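Below are the chains, spelled out letter by letter.
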Amino acid sequence: MPVPKRRAVTLSLCPHLTLPHPEERFPVLTLYSSAPLTATLAAAEGPDTGDTAWLLAATALVLLMTPGLALFYGGMVRTKSVLNMLLMSFVSIALVTVVWLLAGYSLAFGDDAFAGLIGGFDHLGLAGIGPQTLTGTVPTLLFTTFQLTFAILTTALISGAIADRTKFAAWLVFVPVWALLVYVPVAHWVWGPDGWISSSLGALDFAGGLVVEIASGASGLALVLVIGPRIGFKKDAMRPHNLPMVLMGAGLLWFGWLGFNGGSALGANGLAAASLLNTLLAGCTGLLGWLFVEQRRDGHPTTFGAASGAVAGLVAITPACGVVGVLGAAVVGLAAGVVCSYAVAWKFRFDYDDSLDVVGVHLVGGVVGTLLIGLFATATMTEGAEGLFYGGGLAQLGKQTVAVLVVAAYTFAVTYGIGKAIDKLMGFRASAEDEQTGLDQTHHAETAYDHGVLVSPMKGSNAS
Amino acid sequence: MKLITAVIKPFRLDEVKTALQELGVNGLTVTEASGYGRQRGHTEVYRGAEYQVDLVPKVRLEVVVDDADADPAIDAIVRSAATGKIGDGKVWAVPVETVVRVRTGERGPDAV
């Protein structure tokens, strides 16, 4: 999603454009009242209304992904910490929004301040940006809001790796720090003005395979290594407590993903349509791939597998949706569904408690999708870069590989540092007693499900 | 008086209830229970991770009857709960010293 240069205005009635046969056009226009004529003239100075309308809608779609993720994750944990899981996502919305508008946007999308690594301070607190300011063909205020919803989701994704055992106060500190020190630089490298990954290296990441999926996955792994496994990992049954909730969350994610990827075209155009279609398709092939493996390996296709496979396919198509064709998208989704269905078992073999498989689905799926661009990128989508199977040789695959390695290494290392610092400062992990009782009760003084008839009388109310 | 306790398969509850009603047994307490006997549990798989579920869901029902009614009641439960397959459950009875109806204060067999 590189920031587009101001697009050439193709409106036929712009006063400064020389039209070949203006007189031929007027008879057509006189069929209408003069109102559209005025509107068209005004539009030449302002945003493209079609692009703006789509991006407004897409922004709302992406925002809904975070509550969707909350349900997706919430259903996977045990009843005693489902509220904590939901809240980790919801506070991410609140915290990331504040830091993004204060500093994140400027550092990620402000003019490059140093070697393609980070943006400047020009737009702290959105300084200098008003309703008339444009990025590409849309208002900058909309562009920054759209980007904000990405930052929120990416940060919230990490919570799945450290479910059930994280001290809530530590998460509140981690979220804004991570968004600024990890998300923002990587977003600048890939999508910011003159960011080195897009400008110098030339790796492709349409909607966030590097920035969103690999960054959150590698960071999840780093935090797991800092805080350690849940008590009873590999011993106790830790079944998902509510699979309908998981499926509902996956459905909302899928729905929102159409805005995530389709909106990344930053316009209402053919590229948006192609990205949206590729996104839908990769979710489907991912779902089928995962179910196929389950049927062969475990004997039953499961609802949990279907939800996981769809998400794996969607993860993998995120970087690729705007650079591969329909066949490419089908293969990317299928590959992710199959590979991730095996990758989720690595945590048992290598002994890291990535509780809800942020590594197995997002890191691995993100790597699959980002690398497959090197094979399936097609010039009909990229207007330039081509993958191995489309006559581009190995060059693009090489660039994709470098980008994957650097982003994974940077995000892992910095997150590990942040995690260690917070752990030293205040403890990143809840006490064993709180963990065993459940974080809902100990951290939030709430219970998700009131099954019982044994209620005690009210003690008092702060509201009165 | 006797307290009859039965642990049965949940989906047989309706048959057992009907059979007891036909005998004139008018009260019944039911609890959802989990446990295992010879049936053992089953395996569930989540994202490829296998879980052995040892505790099988059961229904535990309790009923207090007059001594004379105990054997027919036990027979009725056994007959109506049986499927012939492993995991059908258990029925047992123990003597009860006294029973009081809370609303009226009646004691003994009248309270049953």
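To keep things clear, this report deals only with the structure shown in the data block.

Observations regarding the packing of helix H8 (residues 209–227) of chain A against helix H16 (residues 395–426) of chain A
Residues and elements named next belong to chain A.
Move 1: Axis separation between H8 and H16 bottoms out at 8 Å; the angle between their running directions is 40 degrees. By the angle between their directions, the pair H8 and H16 is classed as oblique. As H8 packs across H16, the resulting crossing turns out to be right-handed. Along its contact with H8, which presents Leu210, Ile214, Ala215, Ala218, Ser219, Leu221, Ala222, Leu223, Leu225 and Val226, the element H16 presents Ala403, Val404, Val407, Ala408, Thr411, Phe412, Thr415, Tyr416, Gly419, Lys420 and Asp423.
Move 2: Its residues assigned to classes, the contact of H8 with H16 shows 15 nonpolar, four polar and two charged.

Re the nonpolar core
Move 1: In terms of nonpolar packing, the biggest core is built from 130 residues, with Phe72 and Ile197 of chain A touching the most fellow members.
Move 2: Non-local contacts of Ile197 of chain A, meaning those with residues more than four positions away in its chain, are made with Trp189, Val190, Gly202, Ala203, Leu210, Ala403 and Val407 of chain A.
Move 3: Ala6, Leu13, Ala70 and Ala73 of chain B belong to the second largest nonpolar core, which has 16 residues in total.

Considerations on the sheet that holds strand S1 (residues 2–8) of chain B
Residue and element names in this part refer to chain B.
Move 1: The four strands lie next to each other as S2-S5-S1-S6, forming an open sheet whose pairing is antiparallel. Of all the strands in the sheet, just strand S2 (29–35) and strand S6 (89–95) have a single pairing partner and so form its edges. With direction set aside, neighbouring strand axes in the sheet form an average angle of 20 degrees.
Move 2: In this sheet, strand S5 (residues 56–65) lies alongside S2 in antiparallel orientation, the contact comprising seven bridges. Note on S5: the bridge partner recorded for Ser34 is Pro57.
Move 3: Where helix H1 (residues 13–22) meets the sheet, its contacts fall on S1, S2 and S5, and the angle it forms with S5 comes to roughly 10 degrees.

Conventions adopted
- Residues numbered from 1 in each chain as written.
- Chains lettered and ligands numbered in written order.
- Predicted model: local features only at pLDDT ≥ 70, side-chain atom pairs only at ≥ 80, totals over all residues.
- Heavy atoms only, no water.
- Axes fitted to C-alpha atoms, helices over the stretch in contact; angles between N-to-C directions.
- Helix = DSSP H or I, 4+ residues; strand = E, 2+ residues; numbered from the N terminus.
- Parallel < 35°, antiparallel > 145°, perpendicular 65-115°, else oblique.
- Left-handed = near helix turned anticlockwise from the far one by under 90°.
- Contact = heavy atoms within 4.5 Å.
- Nonpolar A, V, L, I, M, F, W, Y, C, P; charged D, E, K, R; others polar.
- Core = buried A, V, L, I, M, F, W, Y, C linked by side-chain atoms within 4.5 Å.
- Buried < 20%, exposed > 50% of the residue type's maximum accessible area, 1.4 Å probe, protein only.
- Pairing = 2+ DSSP bridges.

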